[in-house]
Amino acid sequence: MHDIKAIRDNPEAFDRHWSAKGRSGAAAEAVKLDVQLRAAQTALQEAQAKRNESSKLIGMAKAKKDEAEAQRLMAEVEALKGVMAAAAEEQELVGGKLKDLLASLPNIPAPEVPEGEDEHGNVEQRVWGDAKALPAGKLNAPKDHVDLGAALGGMDFEAAARMSGARFVVLKKEIARLERAIGQFMLDLQTVEHGYTEVSPPLLVRDEALYGTGQLPKFAEDLFASVTVGYVTDVINTSIGREPDRSIKEREQHFLDRTSGRHWLIPTAEVSLTNIVREQLVAEEELPMRLTALTPSFRAEAGSAGRDTRGMIRQHQFYKVELVSITTPDQSEDEHQRMVECAEAVLKKLELPFRTMLLCTGDMGFGARKTYDLEVWLPSQNMYREISSCSNCGDFQARRMDARYRKTGEKGGHFVHTLNGSGLAVGRTLVAVLENYQDEGGRIHIPAALQPYMGGLTHIGGQG
């Protein structure tokens, strides 16, 4: 969400960025609605003040037994009720349009973010590790994780498809244990060494939570919504023409009422963790607040048809360790750099080669002000693939959630800054471990950092 005052003061700057996102003229439209809204608010306030004044004068006129003046004033008050009702209706209508418009507009990038249309405009910040030094780097034709997993009897996509469809997997045996080990290792690293507070949050959230972090209304197609049996029955009954005692309009309204309180499966724990400060006034001394969670994530991947259809790179359900920071504005840039380093530490301890990229304006997410992506080396693809995205959202999400902090000695509140990042995506980390640590016979060496979580096991697929 954006500050309409900031848009009003510098519409050209906002329009320049929004035009690149295909929203040319949005700033002018916002300013126009703002003018209309303030006019309606002024008209309502003036009518209320005039009504209050006239109401007082009625009493004075009656005290003087001036019945004619009292009747005139009473008629005036009655007329003002109509003016107030019209102004209030206009205020609600225009205010709703302005809110919807602002909610649909992406965040504005930080000044240091490079200009660019897509991933080709991203700027490499640093590279860590030597892919050729790992076992897979010494192979002429490293296998991908799908072939490795199948050969080890620990990865079954066909069984998952029979029960759930495409983009699911059943993990078994040591590979299932390895996935669990990776998640626990990441969580321990972020809590014990990096000072994040572990949270076990809800996996189902309401519309308001997803609106607060920016997934709704724009990205509804990428989410999974829960529905009740009653709702499904209502849909079936209407679709086949039952409930003849209800008009079509009544049925439509009934369905809207039934879905207004629906729940959504979280696409990332960012949603649950960030909304902890929703509608809260946090003391400045409590910031920065650093939170982490290991949870399943659920994504419909509506916009990725045909992409990464093989394997575990793009799944509907996957585990992820999420990092969230709530800060003051002056802390947020340093906190962003710290978060990136915390995510990088996972890959360093696993000795997985990676690079860190600063995303350009055209490749950043809807709510991000500045984003760094970590990309891990995958030998089967001979390229780096995203494994973490760490974003500073500024006060963009805080305005949508009404999340504020109070400075010491002050009564009022200021919007917090919110940051989020993967520390890391567990499934993609599993893929990277399998592919980078394979040997000629398809055996997987377990990185030293994970061996304590695997009961001391040093290899999968052979004797350690």
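Residues numbered from 1 in each chain as written. Predicted model: local features only at pLDDT ≥ 70, side-chain atom pairs only at ≥ 80, totals over all residues. Heavy atoms only, no water.

Going by an unreviewed UniProt entry, the protein carries the name Serine--tRNA ligase and comes from Caulobacter vibrioides OR37. In UniProt, the protein has this text filed under Function (unreviewed entry): "Catalyzes the attachment of serine to tRNA(Ser). Is also able to aminoacylate tRNA(Sec) with serine, to form the misacylated tRNA L-seryl-tRNA(Sec), which will be further converted into selenocysteinyl-tRNA(Sec)." What the UniProt record of the protein gives under Sequence similarities (unreviewed entry) is the line "Belongs to the class-II aminoacyl-tRNA synthetase family. Type-1 seryl-tRNA synthetase subfamily." (UniProt positions renumbered as here; feature names shortened; annotations may be inferred.)

Asker: Got a sec to walk through the nonpolar core? Specific residues and values, please.
Answerer: Counting 48 residues, the largest nonpolar core has Leu178, Ile182, Met186, Leu347, Leu352, Leu424 and Leu430 as the members making the most contacts within it. Elements supplying a minimum of two residues to this core: helix H7 (173-193), strand E10 (317-327), helix H12 (332-349), strand E11 (354-358), strand E12 (370-378), strand E13 (383-392), strand E16 (417-425) and helix H14 (426-436). Among the nonpolar cores identified, the runner-up in size contains 25 residues, and Val205, Leu291, Tyr405 and Val416 belong to it. (Core = buried A, V, L, I, M, F, W, Y, C linked by side-chain atoms within 4.5 Å. Buried < 20%, exposed > 50% of the residue type's maximum accessible area, 1.4 Å probe, protein only. Helix = DSSP H or I, 4+ residues; strand = E, 2+ residues; numbered from the N terminus.)

Asker: Go over the packing of aromatic side chains with me, naming the residues and quoting the values.
Answerer: Applying the stated criterion across every chain yields a total of 6 aromatic pairs. With a centroid separation of 5.3 Å and 50 degrees between ring planes, the pair formed by Phe14 and Trp18 is classed as tilted. Taken as a pair, Phe14 and Trp18 lie in helix H2 (residues 11-20) at a separation of 4 residues, close to a single helical turn. The buried category is assigned to Phe14, whose relative accessible area is 12%. The interplanar angle of 80 degrees and the centroid separation of 5.7 Å between the aromatic rings of Phe219 and Phe366 together place this pair among those described as edge-to-face. Of this pair, Phe219 sits in the loop between helix H8 (207-213) and strand E6 (224-225) while Phe366 is found in the loop between E11 and E12, placing the two residues 147 residues apart along the sequence. For Phe219, a relative accessible area of 27% puts it in the partly exposed group. On the accessibility criterion, Phe366 (10% relative accessible area) is buried. Aromatic rings pair up to connect Phe219, Phe366 and Phe396 into one cluster. The lysine or arginine in question, Arg400, covers the ring of Tyr211, its NZ or CZ lying 4.3 Å from the ring centre. In this structure, Arg404 is placed above the aromatic ring of Phe415, and the distance from its NZ or CZ to the ring centre is 4.2 Å. (Phe/Tyr/Trp six-rings, centres within 6.5 Å; stacked < 30°, edge-to-face > 60°. Lys NZ or Arg CZ within 6 Å of the ring centre and 35° of its normal.)

Asker: Lay out the domain arrangement of the protein in plain terms, naming residues and giving numbers.
Answerer: Its domain assignment divides the protein into domain 1 (4-104) and domain 2 (119-204 + 267-460). One C-alpha centre belongs to domain 1, the other to domain 2, and the line joining them spans 47 Å. (Domains from an automatic or database assignment.)

Asker: Could you give an account of the pattern of salt bridges, with specific residues and numbers?
Answerer: Counted under the stated rule, the structure contains 27 salt bridges. A salt bridge links Glu112 to Lys370; the shortest N-O distance between them is 3.1 Å. Placement of Glu112 in the loop between helix H4 (67-103) and strand E1 (123-128) and of Lys370 in strand E12 is noted, with a sequence separation of 258 residues between them. Residue Lys370 is classed as buried on the basis of its relative accessible area, which comes to 6%. Between Asp439 and Arg443 there is a salt bridge; the shortest N-O distance is 3.3 Å. One network of salt bridges, with partners in common, ties together Lys50, Glu69, Arg72 and Glu76. (Salt bridge = Lys/Arg side-chain N within 4 Å of Asp/Glu carboxyl O.)

Asker: Give me the lowdown on the packing of H7 against H14, citing residues and values where you can.
Answerer: Interhelical geometry of H7 versus H14 gives an angle of 115 degrees and a closest axis separation of 10 Å. Of the two elements, H7 crosses H14, and the hand of that crossing is right-handed. Contacts from Ile175, Leu178, Glu179, Ile182, Gly183 and Met186 in H7 reach Val426, Thr429, Leu430, Val433 and Leu434 in H14. Residues belonging to the contact of H7 with H14 are distributed by class as follows: 8 nonpolar, 2 polar and 1 charged. (Axes fitted to C-alpha atoms, helices over the stretch in contact; angles between N-to-C directions. Left-handed = near helix turned anticlockwise from the far one by under 90°. Contact = heavy atoms within 4.5 Å. Nonpolar A, V, L, I, M, F, W, Y, C, P; charged D, E, K, R; others polar.)

Asker: Just give me the short version of the UniProt feature "coiled-coil region" (unreviewed entry) in the protein, but keep the residues and values in it.
Answerer: Under the UniProt annotation, the feature "coiled-coil region" (unreviewed entry) is placed at residues 30-90. What you have in residues 30-90 is 95% helix and 0% strand, and the ends, taken at the C-alpha atoms, are 16 Å apart.

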